[in-house]
Amino acid sequence: MASNNSDKLWGGRFSQGSHELTDLYNESISFDQRLYKEDIAGSKAHANMLAASKIISEEDRDLILNGLTEIEHEIDEGEFDFRIDREDIHLNIEAKLTERIGEAGGRLHTGRSRNDQIATDMRLFVRAACDATVDALIDLREVLLALAESEAETIMPGYTHMQRAQPVLLSHHLQAYESMLVRDTERFEQARNRTNRSPLGTGALAGVSFDIDREATARELGFDEVIPNSIDAVSDRDFVYDYHSAAALLMVHISRLSEEIILWATSEFQFITLDERFSTGSSIMPQKKNPDLAELARGKSARVIGNLVQILTLLKSQPLAYNKDMQEDKEPLFDSVDTVLATLQVLSAMLPTCQFNREAMALSAEANFALATDYADYLTKKGVPFRQAHAAVGALVAQCESQGISLKELTLDQLKAAHDEFDEDALQIDLNYSLSARNASGGTAPDTVASALNEAKKRLRQDRQAWTTLQK
Ligand code: ARG
């Protein structure tokens, strides 16, 4: 139904009502109602500042603050009637406030525009989203490190080109994923820092003509500083990009982990058994037990990457300063925040329930000549140039392959025939020999992995503590 423009807060210069399609297409209240707490916090800070700067009276301020508190409560309770003809969260709240407290409500928008208002709301939202994401990331890191600890002795094949390459400790492999999440934590912290600056008090784009105190509103809202340029303040959505960018790379990391969970749960690999509580069945094949959650985590990375492309495309070529295009920044952001948080939560719950089939992993770690490098390193340590050693062991591998045996089954004579530097002690080369040998910094030797785990746990504790303090 067409709405009457004279009822609208911006309706003064209009003599005709809106076409029904205008209201429907123009509105954002159907989704930006999610910002009501941020919007009300911003309005309260603004009202406090207006009164402290003697721009409005203390009586009006109190009416405004109480009215806003009541409105927030009403929205909390699901009793607020969001109206599409009132377009967005700002106008819905302001119109309701004025209905409720009269003229004082009409003074709230003094020295403010919806353009600095929405920029403020969005920054408060993204800041909270970064906080929640880092919390969830730290939880998942803790889960990974706990697994790395309980699987401290589990040996698995390490892969390159998806071919068995060299044995590694599962703990080492899991810590590699934790390292990715450490960098993700840093990225969200950096995103938070760039987000936490106040655009409030810059008006529509040019600044305001009242003697306002931007520092005061910034302080009340917990911002670190004010954004100096008013045109930049209302037109910048780089902080939305920053969230998307950190989120997209995080989901790429999650998709790599998910892919391995899916592979490892196949009958081909049989490295892990998924807990039934985190698996699903098939409606046609009675025997199926599917890793749907890991597949969805892998799949959901697509939408988060898509949302990153969306914000870049949205911002590209927009002239200064505010344009209504910006309204399109919200739904993809909400979608990415929800997706990332849900995914982190699911993985944190699911991973500890995965059963690692230690025997199958160790068997597979030794198969396919995975210790060949150790034979070559053995010769090299006896002074043989590495390239010669590589060739000699390569010939042994070919010989074993044609006889259908493993390197371990070769006799000392056979070894010596390939290279006369092979001695008795070469017969001791096995999985543990291979792992312990890789004790240079960053390697998979059990002692090295154990001290890396201690370092990782220390860093996790520090991150958790620093983060909790920052949020206070
Ligand atoms: N709903 C708008 C947005 O999300 C709020 C700001 C509108 N400002 C304006 N001058 N129309 O961007």
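As the structure is a prediction and not an experimental result, all values here were calculated from the model. (Residues numbered from 1 in each chain as written. Predicted model: local features only at pLDDT ≥ 70, side-chain atom pairs only at ≥ 80, totals over all residues. Heavy atoms only, no water.)

Observations concerning the overall build of the protein
Counting its secondary structure elements, the protein contains 19 helices and 6 strands. For 472 residues, the compact-globule estimate of 2.2 N^0.38 gives 23 Å, and the C-alpha radius of gyration of the protein, at 31 Å, exceeds that figure by more than 25%. Projected onto the principal axes, the alpha-carbon positions of the protein cover approximately 100 × 50 × 40 Å. The burial tally for the protein puts 49% of its 472 residues in the buried class. Excluding contacts between residues fewer than 6 apart, the proportion of contacts in the protein whose partners are at least 24 apart in sequence is 74%. Only carbon and sulfur atoms are counted for the fraction: they give 50% of the accessible area of the protein, which is about 22,900 Å². (Helix = DSSP H or I, 4+ residues; strand = E, 2+ residues; numbered from the N terminus. Rg over C-alpha atoms; globule rule 2.2 N^0.38 Å. Buried < 20%, exposed > 50% of the residue type's maximum accessible area, 1.4 Å probe, protein only. Contact = heavy atoms within 4.5 Å. Areas by Shrake-Rupley, 256 points an atom, 1.4 Å probe, with all protein chains shown as cover.)

Let's talk about the packing of aromatic side chains
If you walk through the whole model with that rule in mind, you get 10 aromatic pairs. On the numbers, 5.5 Å between centres and 10 degrees between planes, the contact of Tyr 378 with Phe 422 is stacked. Of this pair, Tyr 378 sits in helix α15 (residues 372-381) while Phe 422 sits in the loop between α17 (412-418) and α18 (431-437), and the two are 44 residues apart along the sequence. In this pair, the class of Tyr 378 matches that of Phe 422, namely buried. (Phe/Tyr/Trp six-rings, centres within 6.5 Å; stacked < 30°, edge-to-face > 60°.)

Topic: the site of the ligand
Ser 28, Asp 32, Asp 88, His 90, Arg 114, Asn 115, Ile 118, Tyr 322, Gln 327 and Lys 330 make up every residue found near the ligand. Separating a nitrogen atom of the ligand from a side-chain N or O atom of Asn 115 is a distance of 3.0 Å. Side-chain polar atom of Lys 330 to an oxygen atom of the ligand: 2.6 Å apart, as the coordinates give it. Looking at the shell around the ligand residue by residue, the classes come out as 2 nonpolar, 4 polar and 4 charged. (Near = heavy atom within 4 Å. Polar contact = N/O pair within 3.5 Å; in protein donor to acceptor, adjacent residues only side chain to side chain. Nonpolar A, V, L, I, M, F, W, Y, C, P; charged D, E, K, R; others polar.)

Overview of the side chain of Ser 364
By the element assignment, Ser 364 lies in helix α14 (residues 358-366). With near-sequence residues (within four places) excluded, Ser 364 lies in contact with Pro 157, Tyr 159, Arg 164 and Phe 271.

Points about the environment of Arg 127
Along the polypeptide, Arg 127 turns up in helix α7 (residues 114-150). Residues within four places of Arg 127 in sequence aside, it is in contact with Arg 192, Thr 195, Asn 196, Leu 221, Gly 222 and Phe 223. In terms of polar contacts, Arg 127 uses its side chain to reach the backbone carbonyl oxygen of Leu 221, at 2.9 Å. Here Gly 222 takes part through its backbone oxygen, which lies 3.1 Å from a polar atom of the side chain of Arg 127.

Remarks on the pairing of strand β2 (residues 163-169)
As defined by bridge partners, strand β1 (residues 155-160) adjoins β2 across 6 bridges and the pair is classed as antiparallel. Looking at β2, one finds that Gly 158 is bridged to Gln 166. Hairpin remark: β1 followed by β2, antiparallel, with 2 residues in the connecting loop; positive phi at His 161, about 55 degrees. (Pairing = 2+ DSSP bridges.)

With respect to the pattern of salt bridges
Summed over the entire model, instances satisfying the criterion amount to 39 salt bridges. The closest approach of N and O atoms between Arg 100 and Glu 74, which form a salt bridge, is 2.4 Å. With Arg 100 in helix α5 (residues 89-101) and Glu 74 in helix α4 (residues 58-76), this residue pair connects regions lying 26 residues apart in the sequence. Here Arg 100 falls in the partly exposed class, since its relative accessible area comes to 33%. (Salt bridge = Lys/Arg side-chain N within 4 Å of Asp/Glu carboxyl O.)

A short note on a nonpolar patch on the surface
On the surface, a cluster of nonpolar side chains totalling about 260 Å² of accessible area is made up of Leu 249, Val 252, Ile 305 and Val 309. Within the residue set of the nonpolar patch, elements represented by two or more residues are α11 (238-264) and α12 (292-315). Residue classification places Ile 305 among the partly exposed residues on the basis of a relative accessible area of 34%. (Patch = residues over 30% accessible without salt bridge, like charges linked within 9 Å, V, L, I, M, F, W, Y side chains within 5 Å.)

Quick look at the nonpolar core
If you look at the biggest cluster of nonpolar residues, it comprises 65 residues, and the most contacted ones within it are Phe 188, Tyr 243, Ile 261 and Trp 264. Mapped by element, the contributors of at least two residues to this core are α7, α8 (170-195), α11, α12, α13 (330-350) and α19 (446-471). Counting residues per element, this core draws most heavily on α7, at 16 residues. Setting aside its immediate chain neighbours within four residues, Ile 261 contacts Ile 272, Leu 274, Ala 294, Leu 347, Met 350 and Leu 351. Ranked by size, the runner-up nonpolar core spans 25 residues in total, among them Ala 389, Val 397, Cys 400 and Ile 429. (Core = buried A, V, L, I, M, F, W, Y, C linked by side-chain atoms within 4.5 Å.)

Some remarks on the packing of α8 against α11
Between two packed helices, what matters for the description is the angle formed by their axes and the separation of those axes. At their nearest, the axes of α8 and α11 sit 8 Å apart, and the two run at 165 degrees to each other. It follows that α8 is roughly antiparallel to α11 by the angle criterion. Helix-helix and strand crossings are classified by hand; for α8 and α11 the assignment is left-handed. Between α8, through Leu 170, His 173, Tyr 177, Met 180, Leu 181, Asp 184, Arg 187, Phe 188, Ala 191, Arg 194 and Thr 195, and α11, the contact on the second element is made entirely by Phe 239, Asp 242, Tyr 243, Ala 246, Ala 247, Leu 249, Leu 250, His 253, Arg 256, Leu 257, Glu 260 and Trp 264. Tallied by class, the residues present in the contact of α8 with α11 amount to 14 nonpolar, 3 polar and 6 charged. (Axes fitted to C-alpha atoms, helices over the stretch in contact; angles between N-to-C directions. Parallel < 35°, antiparallel > 145°, perpendicular 65-115°, else oblique. Left-handed = near helix turned anticlockwise from the far one by under 90°.)

Topic: unusual backbone geometry
Residue Ala 321 is bonded to the preceding Leu 320 through a cis peptide linkage, with omega at 0 degrees. Note on placement: Ala 321 falls in the loop between α12 and α13. The backbone of His 161 sits at a positive phi, close to 55 degrees, despite the residue not being glycine. With respect to the helices, strands and loops of the structure, His 161 is situated in the loop between β1 and β2. The class for His 161 is exposed, based on a relative accessible area of 74%.

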